[in-house]
Amino acid sequence: MRGRTDLAVEMKEDIQSDEPIKGVHVMTKNNGDTDIKEVRIVVEDEDGAMRLGKPIGTYITLESEHLREHDEGFHQPMMEVLCKHLKEFIGMKRKIMVAGLGNREVTPDALGPYVIDNLYVTRHLLKEGIISQSIEVSAIAPGVMAQTGMESSVILKALVKEIRPDLLIVIDALAARESDRLNKTIQLADTGITPGSGVGNHRNAINKESIGIPVLAIGVPTVIAVPTIVNDAMDVMVSALGKQATKNVLKKFNEEERYQLACEMVTPYLENMFVTPKDIDEAVKRISYTISEAINQATQA
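Heads up: these notes are all about the structure in this document. These numbers were taken from a predicted model, which means no experiment stands behind them.

Topic: the overall build of the protein chain
Counting its regular elements, the protein chain contains 13 helices and nine strands. Within the protein chain, the proportion of its 301 residues that are buried is 50%.

A closer look at the environment of Asp35
With respect to the helices, strands and loops of the structure, Asp35 is situated in the loop between strand 1 (24-31) and strand 2 (36-43). Judged by its relative accessible area of 39%, Asp35 falls in the partly exposed class. Taking the C-alpha atoms as reference, Asp35 lies 9.5 Å from Met78; in sequence the two are 43 residues apart. Once residues lying within four places of it in the same chain are set aside, the contact partners of Asp35 are Glu63, Ser64, Glu65 and His66.

Section: helix 3 (residues 72-90)
An ideal rise of 1.5 Å per residue puts 27 Å on 19 residues; helix 3 measures up with 27 Å between its terminal C-alpha atoms. Considered for burial, the residues of helix 3 that qualify are Phe74, His75, Pro77, Met78, Met79, Val81, Leu82, Cys83, His85, Leu86, Phe89 and Ile90. Two residues or fewer after helix 3 comes Gly91, characterised by a positive phi angle close to 60°.

Side note on the packing of helix 3 against helix 13 (residues 280-298)
Axes are the key here: two packed helices are described by the angle between their axes and the distance separating the axes. The N-to-C vectors of helix 3 and helix 13 enclose an angle of 50°; their axes lie 8 Å apart at closest approach. Taken together, the axes of helix 3 and helix 13 are oblique relative to one another. In this structure, the crossing between helix 3 and helix 13 has a hand that is right-handed. Facing His75, Met78, Met79, Leu82, Cys83, Leu86, Lys87 and Ile90 of helix 3, the residues of helix 13 in contact are Tyr289, Thr290, Ile291, Glu293, Ala294, Ile295, Gln297 and Ala298.

Re the pattern of salt bridges
Enumeration over the complete set of coordinates arrives at 13 salt bridges. Residues Arg181 and Glu13 are paired through a salt bridge, measuring 2.7 Å at the closest nitrogen-oxygen approach. With Arg181 in the loop between strand 6 (167-176) and strand 7 (185-189) and Glu13 in helix 1 (residues 8-14), this residue pair connects regions lying 168 residues apart in the sequence. Here Glu65 and Arg68 are joined by a salt bridge, their closest N and O atoms 2.9 Å apart. Connected through shared salt-bridge partners, Glu10, Glu13, Glu63, Arg177, Glu178 and Arg181 make up one network.

A few points about the pairing of strand 8 (residues 215-225)
Along strand 8, eleven of the eleven residues are buried, which leaves the element largely enclosed by surrounding structure. Two strands pair when backbone bridges link them, and strand 6 and strand 8 are joined in this way by nine bridges, in the parallel orientation. Across the sheet, residue Ala176 finds its bridge partner in strand 8, namely Ile224. Pairing analysis gives two bridges linking strand 8 to strand 9 (residues 274-275), with the strands arranged antiparallel. Bridged to Ile224 within strand 9 is Val275.

Conventions and cut-offs
Residues numbered from 1 in each chain as written. Predicted model: local features only at pLDDT ≥ 70, side-chain atom pairs only at ≥ 80, totals over all residues. Heavy atoms only, no water. Helix = DSSP H or I, 4+ residues; strand = E, 2+ residues; numbered from the N terminus. Buried < 20%, exposed > 50% of the residue type's maximum accessible area, 1.4 Å probe, protein only. Contact = heavy atoms within 4.5 Å. Expected span 1.5 Å × (residues − 1). Axes fitted to C-alpha atoms, helices over the stretch in contact; angles between N-to-C directions. Parallel < 35°, antiparallel > 145°, perpendicular 65-115°, else oblique. Left-handed = near helix turned anticlockwise from the far one by under 90°. Salt bridge = Lys/Arg side-chain N within 4 Å of Asp/Glu carboxyl O. Pairing = 2+ DSSP bridges.

Set out below in structure tokens:
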């Protein structure tokens, strides 16, 4: 393992094999018109779950360099692709609850609350007879434990019991292992989510088993661990120096050993530090709007 990650596609890349992984089905689609790469990973059984390190279920990753650019014209095609996959997960369900996880006061962690800000919620409109033809959408930004003293899973379980939605959609910021995936990747997973797992701050899982209804998780990687950056920098440094002896030494380390070496090269304080791109403010606002618009479109009757 080369570092912490919440992305199924990166955990797949950790498995050093050109052969198909038993219990894991992978499909890749490249759309030349929109420059959106789609990777669908289906973990079919317990054997596949053990090999990949992810629960049984479906994981869809959408990637495009344009997502991190200030290109308003790209908003529409990405929203449409995301909407298409959301409709697939929603199916015939008529009552949806959306939860924006994370801390609004910390920009890299504010993706979820920002999505909620732009949602078209309809539950109250349906109940008051203002509209009649729509999927019922309710929304909540439950904050984080440091703000509420409660696990997000506890808050959501109580709300689900009261409102009785057919599906819970949770949005959260993720951690990536590859810096190139920051702010350009969207992951959907029908297995729910364990908030904070990518940064080593595990909270209670939010999934069908804990909440009682199907949970669809939507996430965007916004942070990366410092040792991961150091690990990647080793290759750049060795290449720049052109020292064959150094290259030969590094080749003796496997990926896990290299990551451990990277951890030892930084101070204990930096070992547990995560960093984010300098334009994170605009990136989170832009991507959160794309996600909210996709949900709005997918929940229209």
